[in-house]
Amino acid sequence: MNQNSILIDCHQDIAYSVRANRRLFEENIDNLMISYDSLINSKINIIFSTIFVSHRRKNAHYDEALAQIKLYESIFKKYKNFYHLKNSQSLKKINTKKIGLYFLMEGAEPINKIKDLSTFYKKGVRTIGLTWNDENKYAFGVSKDGPLKKDGIKLINKMNDLGISLDLSHLSEKSFNRAIKETKLIPIATHSNCKKIRRHERNLTNRQLKNISDLGGVIGIVLYNKFITSKKDVFISDIFPHFKNLLNICGEDHISLGSDIDGAPINDFPHEIRKPSDFEKISDMLKKNKIKSKIIDKFLGQNILRVLNENLKDK
């Protein structure tokens, strides 16, 4: 990384990691990557910090989402080097050596009724993926293909009104095809790789990738091994074919990082990735593959920063 590079990670399961593992944010645990120390000792400027509830029973989704938001709020109160990024004014803090947490709801299960969206908007949620892998009242996930539902269309329309971006990761292909037509904001796939390189249901086809980039959107390369390759031993170098394919299909303005760290066990990530500061090794790998510094800086943060600047409102 260059000294002035901006680093943005489009997907980290911070609150889920803390609550599901019944631990403290301050704890440094060997088999987990995220902690207070690991984040402040990295060069990360902004994190899309998730609200993820699909591991809980259905009637607990709403309360779990609020509990995760409360955890983030406690971080802001306790640590002055973290701040809540929820409007365009917040983006001015990027160069203050603080880490901005930008709320991403991974799956709209906490939204029992469309009117609940206003509650979560007031709490700071600024990007939403309609579902996780499974079907819900809004859409079909990748485990079963099906069209976007009427409530899904209504939800996206309300998201458009409020200025909440759409995350296309996890959607089935039919739901994806309609959802991307409904959003009025620049779309994002926060953590998705290329199906051409690794045929996995969670990865996106070249057509889907191109549909996102044609609308100015960004795709975050995810570091989860099963989405990278079928090989047993996975290394940072295995990410490069996905990067190269995105570069060829979408162009240099549409690639980002969406690590998904602590969304799975640490051994489910490339050998060299064991803490957030290891993201710098990806930059080194790209340099070794003769990727220009300008393109690397776009990947590290400038591309998704452009989308945030365009999608976020002033207040």
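This one's a predicted model, so the numbers in the text were calculated from it and none came from an experiment.

J.: Sorry, what's going on with a positive patch on the surface here?
T.: A surface patch of positive charge is lined by K58, K113, K115 and K137. Tracing the chain through its elements places K115 in the loop between β4 (99–106) and α4 (116–122). Using a relative accessible area of 61% as the deciding quantity, one classes K115 as exposed.

J.: Please clarify how the pattern of salt bridges should be interpreted in this entry.
T.: As a working rule, side chains carrying opposite charge can pair if their charged atoms are close by. All chains considered together, the criterion is met by 15 salt bridges. With a shortest N-O distance of 2.6 Å, K149 and E135 are connected by a salt bridge. Of this pair, K149 sits in the loop between β5 (125–129) and α5 (150–162) while E135 sits in the loop between β5 and α5; the two residues are 14 residues apart in sequence, bridging distant segments of the chain. Relative accessible area serves as the criterion here: at 22%, K149 is assigned to the partly exposed category. In this structure E135 comes out as partly exposed when scored by relative accessible area, which is 41%. Linking K210 and D214 is a salt bridge whose minimum nitrogen-to-oxygen distance equals 2.7 Å.

J.: Help me out: how do you make sense of the packing of aromatic side chains in this one?
T.: A ring pair, where both rings are aromatic, is described by two values, the distance of the centres and the angle of the planes. For the structure shown, the criterion picks out 15 aromatic pairs. Centroid distance F48 to Y102: 4.4 Å. Interplanar angle 45°. Geometry classified as tilted. With F48 in strand β2 (residues 46–51) and Y102 in strand β4, this residue pair connects regions lying 54 residues apart in the sequence. An identical accessibility class is assigned to F48 and Y102; each is buried. Look at Y62 and F120: their rings are 5.6 Å apart centre to centre, the planes differ by 70°, and that puts the pair in the edge-to-face class. Here F120 lies in helix α4 and Y62 lies in helix α3 (residues 61–78), a separation of 58 residues in the sequence. An aromatic cluster is defined as three or more aromatic residues linked by ring pairs; in this entry it consists of F25, Y36, Y79 and F82.

J.: I tried to follow unusual backbone geometry on my own but got confused; where do I start?
T.: Negative phi values dominate among residues other than glycine, just as trans dominates among peptide bonds. Phi is positive for R22, close to 50°, though the residue is something other than glycine. Within the fold, R22 resides in the loop between α1 (14–20) and α2 (36–40). Residue classification places R22 among the exposed positions, given a relative accessible area of 79%. Positive phi is not limited to glycine here, since K97 has a value of about 65°. Secondary-structure assignment places K97 in the loop between β3 (82–84) and β4.

J.: Looking at this model, I keep getting lost on the nonpolar core. Mind explaining?
T.: Most often, soluble globular proteins keep nonpolar side chains buried together rather than apart. Core analysis: the largest hydrophobic core is formed by 85 residues, its most contacted members being F25, F82, L130, F243 and I282. At 6 residues, α3 tops the list of elements feeding residues into this core. Residues within four places of I282 in sequence aside, it is in contact with L223, I236, I239, L257, I273 and F299. If you look at the next biggest cluster of nonpolar residues, it comprises 19 residues, including Y102, V307, L308 and L312.

J.: Explain the state of the cysteines here, please?
T.: When the sulfur atoms of two cysteines share a covalent bond, that bond is a disulfide. Considering all chains together, one arrives at 0 disulfides under this definition. Lacking any disulfide linkage, C194 is separated from the closest cysteine sulfur, that of C250, by 7.4 Å. In this structure C194 comes out as buried when scored by relative accessible area, which is 1%.

The rules behind the values
- Residues numbered from 1 in each chain as written.
- Predicted model: local features only at pLDDT ≥ 70, side-chain atom pairs only at ≥ 80, totals over all residues.
- Heavy atoms only, no water.
- Patch = residues over 30% accessible without salt bridge, like charges linked within 9 Å, V, L, I, M, F, W, Y side chains within 5 Å.
- Areas by Shrake-Rupley, 256 points an atom, 1.4 Å probe, with all protein chains shown as cover.
- Salt bridge = Lys/Arg side-chain N within 4 Å of Asp/Glu carboxyl O.
- Lys, Arg positive; Asp, Glu negative; His and termini not counted.
- Charge placed at Lys NZ, Arg CZ, Asp CG, Glu CD.
- Helix = DSSP H or I, 4+ residues; strand = E, 2+ residues; numbered from the N terminus.
- Buried < 20%, exposed > 50% of the residue type's maximum accessible area, 1.4 Å probe, protein only.
- Phe/Tyr/Trp six-rings, centres within 6.5 Å; stacked < 30°, edge-to-face > 60°.
- Core = buried A, V, L, I, M, F, W, Y, C linked by side-chain atoms within 4.5 Å.
- Contact = heavy atoms within 4.5 Å.
- Disulfide = S-S within 2.5 Å.

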